[in-house]
Amino acid sequence: MTNPTPTSPAPIRVRIAPSPTGDPHVGTAYIGLLNYIYAKQRGGQFVLRIEDTDQTRFVATSEQMIFDSLRWLGLTWDEGPDVGGPYGPYRQSERTEIYREYVKILLANGTAYRSYETPEELEAVRKAQLAAKLPPRYNGAHRELTPEQIAAYEAEGRAYVIRLKVPAEGETSFSDELRGEISFSHNNVDDQVLIKSDGYPTYHLANVVDDHLMHITDVIRAEEWISSTPKHILLYKAFGWDVPRFWHMPLLRNLDKSKISKRKNPVSLIYYRESGFLPPALLNFLGLMGGGMPAPTEKNDTAEIFTLEKMLAGFRFDKISLGGPVFDLTKLKWLNGEYLRALSPEAFFEAMRQTVFSDRYLQAIAPLVQTRIETLAQFGDLADFFFKDDVVPDQAVFLPKKRTLEETLAFAAELLTVIEATPFTVEDLEPALKQLGIDKEWSVKENFTLLRTVVTGKTASPPLLESMIVFGKARTLDRLRRFLDTQKKLANQKR
RNA sequence: GGCGUUAUGGUGUAACUGGUUAACACGUCGCCCUCUCAAGGCGAAGAGUCCGGGUUCGAGCCCCGGUAACGCUACCA
């Protein structure tokens, strides 16, 4: 281990701070892995903090899924909401009082101010700026309100936000450990909202306050945060605090090089677990993203295959390559195959039992087929789609008689959107899907037949919605996505 | 539009502080093995390093200028 990291007297402490807004994300696992390695290599601590400050995007089941997925991968944390620690609470929604206290310091020393505009007013300003081809920025209208103006707004009972008062002149720069000196002119740094009108902090404030209070020494996060780093630095300075080291990692990409997204890739860790990817294989693959490990040099060199232990021993942060790596499922599958083949027959059998043929899964499927078969051997005929990675329905099967391919695919895309946005229960899905049918003038039969064929590959199946629930949201959505992809490719080939 | 980051085969990476013909893996194609399909073995195609200048005996690596992609540009993270 020859990392060029300056050895700091304080123990190394890093953190990941996922938001419970949906399924746990591969990006979280990626950044989590890097943080984990960094901490373990230096005898430091790895903290898990839940950033649940956005009430509008909060998903109740999300936090537990984050815990489960990270544990599944073996990325365990030393401090966190569920295991506690000396600097808790580790859930930001439980720390709102702390932020409110700290923001008073800023208000008192003039580095923050109250701003009384309504969201509508701000939106109007933004539109005008855009129309005038100006950069959309907060216009600073409330930076210097007189006591009378403030009193007037207060008397009106207007809600306010608290904003960071970015200096009018000069610039803020910092040294990224991976990228070197980066600087931003203050002209380009907005007066960021610190406390929203609902009293919750924004990411920026909560993040800085917590990182300081939790003694975080190294902030290892994704590249998308570079632009907001000057705001964070300004905050540290406004508080008079030391600034941690920053490491901005490259962003995982889709095949088309855009930031990895659920539209174009399975990004849910739940999907990878349910599809039978092995934790060491996923970790290994993530470790390949952006380099850091010694590269293979000779023919049939297997240096690309390594365990977490090997990463702890050999991963070099100074070897990370900064171009955004494409998350290539094809190579991940090859790697996973390597791991599967390396298993002993007993271990392989066990892996099968614990995933595709788990008691839990079979128990959920059984009642759906029991009344529909006459011999047990028919189970497979009816339930095959539960055990397949993909089903590819033929056009003759999925295309309703009175519909064109084009409108059918458009409707399938709508199905995807609705299912994605609806709580994954029969009670919620059924009305939502029926409503979509009404809106688009698709009969219930056409509607459900299309969905059935895409998800199960057949025109006859156990109850569709119940089957989808058992099959799982992540994989159901993936089938819809793959269906659309496949059909799009076929259409392109014909052209 | 503004700001920032990045740039090596289709994809992931390699190439010591500038030094042979740009290497390895995935993928693709072919051959072998084989009842089939995988796996495995052997082999092939595929980049002249985003473009243009410059420095140098010599540049993927250094300098200058472009371009493109991506990210940010929210009372989301």
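None of the values given here were measured: they were computed from a predicted structure.

Participant: Tell me about the overall build of chain A, and please be specific about residues and values.
Facilitator: For chain A, the count of helices and strands is 20 helices and nine strands. Relative to the globule expectation of 23 Å for 495 residues, the C-alpha radius of gyration of chain A, 26 Å, shows essentially globular dimensions. Projected onto its principal axes, the C-alpha positions of chain A cover 80 × 60 × 45 Å. The buried share among the 495 residues of chain A stands at 47%. Of the contacts made within chain A by residues no fewer than 6 positions apart, 75% connect residues no fewer than 24 positions apart. Surface exposure of chain A reaches about 24,300 Å², of which carbon and sulfur atoms provide 54%.

Participant: So what about the protein's contact with RNA strand B? Which residues, and what values?
Facilitator: Neighbouring RNA strand B are 59 residues, the closest being Arg179, Ser197, Gly290, Asn300 and Glu304. Close to the protein, within 4 Å, the atoms of RNA strand B are drawn from sugar and phosphate at a rate of 82%. Here a sugar or linking oxygen of RNA strand B sits 3.3 Å away from a polar atom, N or O, in the side chain of Asn188. Backbone polar atom of Ser197 to a base oxygen of RNA strand B: 2.7 Å apart, as the coordinates give it. Going through the elements one at a time, helix 4 (119-131), strand 4 (161-164), strand 6 (180-185) and helix 11 (329-342) are the ones with two or more residues in the surface near RNA strand B. In terms of residue count, the dominant contributor to the surface near RNA strand B is helix 11 (five residues). Its residues assigned to classes, the surface near RNA strand B shows 20 nonpolar, 17 polar and 22 charged.

Participant: Give me the lowdown on the layout of surface pockets, citing residues and values where you can.
Facilitator: The space that makes up the second largest pocket amounts to roughly 1,000 Å³. Looking at the second largest pocket, it is lined by 32 residues, and the ones nearest its centre are Arg481, Arg482, Asp485, Thr486 and Lys489. Looking at the lining of the second largest pocket, the elements with two or more residues in it are helix 11, helix 16 (405-421) and helix 20 (473-494). Broken down by element, the residue count for the lining of the second largest pocket peaks at eleven residues, all from helix 20. Split by residue class, the lining of the second largest pocket holds eleven nonpolar, seven polar and 14 charged.

Participant: With reference to specific residues and values, describe the pattern of salt bridges.
Facilitator: Throughout the structure, instances matching the rule amount to 34 salt bridges. The salt bridge involving Glu63 is made with Arg91; its shortest N-O contact spans 2.7 Å. Remark: Arg91 occurs in the loop between helix 2 (62-73) and helix 3 (96-108) and Glu63 occurs in helix 2; sequence separation between them is 28 residues. Of the two residues, Glu63 and Arg91, neither departs from the other in class, the shared state being buried.

Participant: Give a detailed account of the domain arrangement of chain A, specifying residues and quantitative values.
Facilitator: Taken domain by domain, chain A holds domain 1 (1-81 + 252-355), domain 2 (96-249) and domain 3 (369-494). Computed from C-alpha coordinates alone, the two centres of domain 1 and domain 2 are separated by 31 Å. Roughly 2,200 Å² is buried in total at the junction of domain 1 and domain 2, and carbon and sulfur atoms are behind 56% of that figure. On the surface where domain 1 and domain 2 come into contact, there are four salt bridges. When the shortest N-O distance is used, the salt bridge between Glu224 and Lys259 registers 2.8 Å. The tally of links from domain 1 across to domain 2 stands at eleven residue pairs in polar contact (both at pLDDT 80 or more). Only strand 1 (13-16) and helix 1 (26-41) provide two or more residues apiece to the side of domain 1 that touches domain 2. When residues of the side of domain 1 that touches domain 2 are assigned to their parent elements, the largest contribution, four residues, is made by helix 1. For the side of domain 1 that touches domain 2, the per-class residue count stands at eleven nonpolar, five polar and eight charged.

Participant: Could you give an account of unusual backbone geometry, with specific residues and numbers?
Facilitator: In this model, Gly88 is joined to Pro89 through a cis peptide bond whose omega is -5 degrees. Following the sequence through the fold, Pro89 ends up in the loop between helix 2 and helix 3. With a phi angle near 60 degrees, Glu441 is a residue other than glycine that sits in the positive phi range. Summarising the element assignment, Glu441 is placed in the loop between helix 17 (426-440) and helix 18 (444-456). By relative accessible area, Glu441 is classed as exposed at 65%.

Participant: So, the packing of helix 3 against helix 6 (residues 203-213): which residues are in play, and what are the values?
Facilitator: Close contact between helix 3 and helix 6 brings their axes to 10 Å; oriented N to C, the two are set at 95 degrees. Here helix 3 lies roughly perpendicular to helix 6, going by the angle between them. Mapping the contact onto sequence places Ile98, Tyr99, Tyr102 and Val103 in helix 3 and Leu205, Ala206, Val209, Asp210 and Leu213 in helix 6. Taken together, the residues that form the contact of helix 3 with helix 6 break down as eight nonpolar, no polar and one charged.

Participant: Mind laying out the packing of aromatic side chains, listing which residues take part and the relevant values?
Facilitator: Evaluation of the coordinates by the stated rule reveals 24 aromatic pairs. Put simply, the rings of Phe357, Tyr361, Phe379, Phe385, Phe386, Phe387 and Phe471 pair up and form one aromatic cluster. The ring of Tyr38 has Arg42 lying over it, and the distance from NZ or CZ to the ring centre is 3.7 Å. The cationic tip of Arg163 hangs over the ring face of Tyr138; the distance from NZ or CZ to the ring centre is 3.6 Å.

Scoring rules and cut-offs
Residues numbered from 1 in each chain as written. Chains lettered and ligands numbered in written order. Predicted model: local features only at pLDDT ≥ 70, side-chain atom pairs only at ≥ 80, totals over all residues. Heavy atoms only, no water. Helix = DSSP H or I, 4+ residues; strand = E, 2+ residues; numbered from the N terminus. Rg over C-alpha atoms; globule rule 2.2 N^0.38 Å. Buried < 20%, exposed > 50% of the residue type's maximum accessible area, 1.4 Å probe, protein only. Contact = heavy atoms within 4.5 Å. Areas by Shrake-Rupley, 256 points an atom, 1.4 Å probe, with all protein chains shown as cover. Near = heavy atom within 4 Å. Polar contact = N/O pair within 3.5 Å; in protein donor to acceptor, adjacent residues only side chain to side chain. Nonpolar A, V, L, I, M, F, W, Y, C, P; charged D, E, K, R; others polar. 1 Å grid on protein atoms, 1.4 Å probe; cavity = no way out; pocket = protein on both sides within 12 Å on 5 of 7 lines; lining within 4 Å. Points joined across faces, edges and corners; volume = space filled by probe spheres on them. Salt bridge = Lys/Arg side-chain N within 4 Å of Asp/Glu carboxyl O. Domains from an automatic or database assignment. Buried area = accessible area lost by both parts, 1.4 Å probe. Axes fitted to C-alpha atoms, helices over the stretch in contact; angles between N-to-C directions. Parallel < 35°, antiparallel > 145°, perpendicular 65-115°, else oblique. Phe/Tyr/Trp six-rings, centres within 6.5 Å; stacked < 30°, edge-to-face > 60°. Lys NZ or Arg CZ within 6 Å of the ring centre and 35° of its normal.

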